[in-house]
Amino acid sequence: MKTLQGNNCYLRALEPEDIDHVYLAENDEDLWSVGETLVPFSKYVLKEYLANSHRDIFDVRQLRLVICESRSHNVVGLIDLFDFDPHNLRAGIGIVITGESDKRKGFASEAIALLKKYCAVHLKVHQLYANIEEDNKPSISLFEKAGFELVGIKKEWRRKTSLASGKESYINELLYQHIF
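Because the structure is a prediction, the values reported are computed rather than measured.

### Quick notes on the nonpolar core
Core analysis: the biggest nonpolar cluster contains 33 residues, and Ile-79, Leu-81 and Leu-115 have the highest contact counts within it. Listed by contribution, the elements that provide at least two residues to this core are β1 (9-13), β2 (63-69), β3 (75-85), β4 (90-97), α5 (107-123), β5 (127-133), α6 (137-145) and β7 (168-179). Looking at which element gives the most residues to this core, the answer is α5, with nine residues. Excluding anything up to four places from it in sequence, Leu-81 contacts Ile-57, Arg-61, Gln-62, Leu-63, Ala-91, Gly-92, Leu-115, Cys-119, Leu-123 and Leu-128.

### What about the state of the cysteines?
A full pass over the atoms with the stated rule returns zero disulfides. With no disulfide of its own, Cys-9 has Cys-68 as its nearest cysteine by sulfur position, at a separation of 8.7 Å. For Cys-9, a relative accessible area of 0% gives the class buried.

### Section: helix α1 (residues 19-26)
Here α1 has its buried residues at Ile-19, Val-22 and Ala-25. Down the axis of α1, the buried set is contained in an arc of 135°. They therefore lie on one face.

The rules behind each value
- Residues numbered from 1 in each chain as written.
- Predicted model: local features only at pLDDT ≥ 70, side-chain atom pairs only at ≥ 80, totals over all residues.
- Heavy atoms only, no water.
- Core = buried A, V, L, I, M, F, W, Y, C linked by side-chain atoms within 4.5 Å.
- Buried < 20%, exposed > 50% of the residue type's maximum accessible area, 1.4 Å probe, protein only.
- Helix = DSSP H or I, 4+ residues; strand = E, 2+ residues; numbered from the N terminus.
- Contact = heavy atoms within 4.5 Å.
- Disulfide = S-S within 2.5 Å.
- Arc of directions from axis to C-beta.

Written out as structure tokens, the structure reads:
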């Protein structure tokens, strides 16, 4: 059984040539609140990150994989395990489909299914969780279809600033969980 190979996409380790995809994702201001950053990343810093991306998940407590389309082998996104806890066998999961033309084609659903299978078979993970802003309806739908259950609401958890108006507001963050 190949845990990282699906019908439409597959997951693979980061390679040095992925620098442009990682650079675009990490410097997309619309994603900064999800990644909890306020500053852009330089290519130098990201090259260092890629150079160390081979390190074991049990050591660094995170794993980033590239989502590739099966036929063309083109990169369509990134999927992460973070806050990996080997004692309690749990981890957070995050995903981004980087190109607008690749969204709503089933890549994210299949990538989550593949990562869940990998986590169950190889890491023996007991549970995965996802933190989703309450206004992110596509992500809520994606994770619910993937078998994640809403287990909590963190009230006014994230501060958001409108890029257009500069106005600040607070938004709830939803906690979704999948127990194997």
